[in-house]
Each structure stands twice: as C-alpha cells, then as structure tokens.
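# Observations on the model geometry
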Amino acid sequence: MKRFTILTALAAGGLFTAASLAAPEDFVTGPLIENFGAVAPIENQMPIPEDTVFRIAFDVSTPAEVGEINRKFNSAARFLNMHTAAGIAADDIQLAIVIHGGAVQDVSTGSHFTPGVQPANAELIATLLAHGVKIYVCGQSAAYHDIGVENLLPGVTMALSAMTAHALLQQDGYTLNPF
C-alpha cells in the first residue's frame, strides 16, 4: 500500500515523463545491433560528455532457460544500442562479458542443446563479437560443467577463472556493470 501511495504521489506531481512510461512496443533495436538489445527513447537529463569512453565488464553467472537468450548477453547489446543512439561512437564503447557458473553452458555447443540445433545464444554471441565485445569463460566453471575449449562457441575465450578475467579487465580500465 505504501508503494502505491508513493507512485501515485510521484505521478500526480508530474515526476514521470512519457518516455519513462514506455510501453513494450516503444522499444526498438538498433542503431548498431539489429534483432537484439531493444531500447526505448529517453529524454536524458544526465549529459554524457563528448569525450566519454566506456570500458565495461558484464558478469554473467545465471544461465538462460533452455532455448532462450541469456538476458545479460542481451543487456550488452542494449548497452551498445542505447549509447550509440545517444551519440557515443561505437569505437568508444569497449565491452567484455565474463561468464561463469551455470551460464557457461549458454556459450557452449554442449549439454543444453540438441545435436544439430544451433544454440539459442549463438547468433547473439556472434553479433556481439563482430562488434568488438570480448567474451571470456571461467575455466573453472567450464571444467566443472565438462566444457572444453573445443565446446565453446566460435570467438569465445577460455580464461583461467572468472576472478582472473575480472582482475585483468579491471587493471585494463574496465569497470563492472552491476546489472
């Protein structure tokens, strides 16, 4: 009840804009990645400086439902689309995805998938890689799930561990995306 009262007060006070109440049909893909990473147009009140360079690492441990796209992989596509639409040059957006836990199966050709059927994340992973996104798999999680380098989708890199990948990315100026 308290939440409803706060939301009602905010709406009555005009603190929600039309863009913040976007409906699902208002979300579109592109301008950089088509078919993935849908975003809504927003009236941005937090300016992004012209010289901004993003170096962001996404941490992914939760696997997708079988046959579904992993939401965190799609979030990386959203980040690219939303910021290029906001005027940031694609070359100034450097992303990495560090995958561990059960999510390692989302970038393998193994256990989640029916032989001869393309894994659900394969197209998105190939698209992200084509746009310069670095994708690392925790070798420790991969070993636990009996996934070898030969089982990874093309372009995905095996790291010693997720901890190692994050430490090296941080030393290289990447910050961790908390979502």
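Quick look at the structure, then. Note that this is a predicted model, so its numbers are computed, not measured. (Residues numbered from 1 in each chain as written. Predicted model: local features only at pLDDT ≥ 70, side-chain atom pairs only at ≥ 80, totals over all residues. Heavy atoms only, no water.)

### Things to note about the pairing of strand β3 (residues 134-138)
The sheet contact formed by strand β2 (residues 93-99) and β3 spans four bridges and is parallel. Residue pairing in the sheet places isoleucine 99 in a bridge with valine 137 of β3. Where β3 lies against strand β4 (residues 157-159), three bridges are found, and the strand directions are parallel. If you follow tyrosine 136 over to β4, its bridge partner there is threonine 157. (Pairing = 2+ DSSP bridges. Helix = DSSP H or I, 4+ residues; strand = E, 2+ residues; numbered from the N terminus.)

### A look at the environment of threonine 29
Along the chain, the position of threonine 29 falls in the loop between α1 (2-12) and β1 (54-60). Note: C-alpha distance between threonine 29 and arginine 78 (49 residues apart in sequence) is 8.0 Å. For threonine 29, the residues in contact, after removing those within four places along its chain, are Glu34, Asn35, Phe36, Gly37, Ala38 and Asn81. At 3.4 Å, the side chain of threonine 29 and the backbone nitrogen of asparagine 35 are in polar contact. (Contact = heavy atoms within 4.5 Å. Polar contact = N/O pair within 3.5 Å; in protein donor to acceptor, adjacent residues only side chain to side chain.)

### A short note on the nonpolar core
Core analysis: the biggest nonpolar cluster contains 31 residues, and Phe73, Leu95, Ile97, Ile99, Val107 and Leu128 have the highest contact counts within it. For this core, the secondary-structure elements that each account for two or more residues are β1, α2 (71-85), β2, α3 (122-130) and β3. If you tally residues by element for this core, the top one is α2, at five residues. Of all hydrophobic cores here, the second largest spans nine residues; its members include Ala57, Cys138, Ala159 and Ala162. (Core = buried A, V, L, I, M, F, W, Y, C linked by side-chain atoms within 4.5 Å. Buried < 20%, exposed > 50% of the residue type's maximum accessible area, 1.4 Å probe, protein only.)

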